[in-house]
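# Coordinate inspection notes
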Amino acid sequence: MRAALDAAALAATHDDVPVGCALVVGDEIIAVGENRREVDADPTAHAEVVALRRAALAQGHWRMDGVTAYVTLEPCAMCAGALLNARVERVVIGALDEKAGAVGSRYNLLSDPRLLHEASLTYDVLSDESAQLLRTFFESRR
């Protein structure tokens, strides 16, 4: 989760919402992504999607079998769908997103047996640090 928090802090330096994602197999980080919507002018450039793209390129395939995703903020519906389609095995979440979270708060896409895959979920890992990054970012814009 520390690598995801570092990525979130990087996102804030280019005026993106500070969210980060680290993809891990065993003890090895295979990819890290930060929100890049503003800097890339890309509405799909959320941290999870950026990390999945980087991991797929590095591995030479899109399947994320055995991968754990560490995310600083509960994934939205788009990102939950991307994690689901990539077959990520486990998702570890920092702060919950009561407004748009799709992995427990609003929806539960990664635990829906009607969908093609389910991931194991762990919540509240370094949630205070994750939430503080977001609070500081948004307070500076008010």
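Let me begin by describing the structure that accompanies this report.

Rules of the game
Residues numbered from 1 in each chain as written. Predicted model: local features only at pLDDT ≥ 70, side-chain atom pairs only at ≥ 80, totals over all residues. Heavy atoms only, no water. Phe/Tyr/Trp six-rings, centres within 6.5 Å; stacked < 30°, edge-to-face > 60°. Buried < 20%, exposed > 50% of the residue type's maximum accessible area, 1.4 Å probe, protein only. Lys NZ or Arg CZ within 6 Å of the ring centre and 35° of its normal. Pairing = 2+ DSSP bridges. Helix = DSSP H or I, 4+ residues; strand = E, 2+ residues; numbered from the N terminus. Axes fitted to C-alpha atoms, helices over the stretch in contact; angles between N-to-C directions. Core = buried A, V, L, I, M, F, W, Y, C linked by side-chain atoms within 4.5 Å. Expected span 1.5 Å × (residues − 1). Contact = heavy atoms within 4.5 Å.

## Thoughts on the packing of aromatic side chains
Considering all chains together, one arrives at 1 aromatic pair under this definition. Taking 5.1 Å as the distance between ring centres and 85 degrees as the angle between the ring planes, the aromatic pair formed by F137 and F138 counts as edge-to-face. A relative accessible area of 7% means that F137 is categorised as buried. Of note, R141 hangs over the ring of F137, and the distance from its end group to the ring centre comes to 3.7 Å.

## Some words on the sheet that holds strand 3 (residues 68-73)
Spatially, 5 strands are ordered 2-1-3-4-5 in an open sheet, and the strand pairing comes out mixed. The open sheet has two edge strands, strand 2 (28-34) and strand 5 (120-122), and neither has a second partner. Going from strand to strand, the sheet's axes swing by 20 degrees on average, the running direction of each strand aside. With 5 bridges connecting them, strand 3 and strand 4 (residues 90-95) associate as parallel partners.

## So, the nonpolar core
If you look at the biggest cluster of nonpolar residues, it comprises 28 residues, and the most contacted ones within it are L23, M64, V88, V91 and L110. Breaking this core down by element, the ones donating at least two residues are strand 1 (20-25), strand 2, helix 3 (47-59), strand 3, helix 4 (77-85), strand 4 and helix 5 (127-139). With 4 residues, helix 3 is the largest single contributor of residues to this core. Membership of the second largest hydrophobic core comes to 7 residues, among which are A4, L5, Y70 and V92.

## What about helix 3?
Residue pairs three or four apart in sequence face the same way in an α-helix, which turns once every 3.6 residues. For helix 3, built from 13 residues, the straight-helix expectation of 18 Å at 1.5 Å per residue is met to within 8% by its first-to-last C-alpha distance of 18 Å. Residues of helix 3 that are buried include every one of A47, E48, V49, V50, A51, L52 and A55, and no others. Following helix 3 by one or two positions, G60 adopts a phi angle in the positive range, close to 80 degrees.

## Describing the environment of I29
Residue placement: I29 occurs in strand 2. Among the residues examined, I29 registers a relative accessible area of 44% and is labelled partly exposed. Along the sequence, I29 and R87 sit 58 residues apart, while their C-alpha atoms lie 17 Å from each other. In this structure I29 touches A3, L23 and V24, once residues within four positions along its chain are discounted.

Just distances and angles here, no functional claims.
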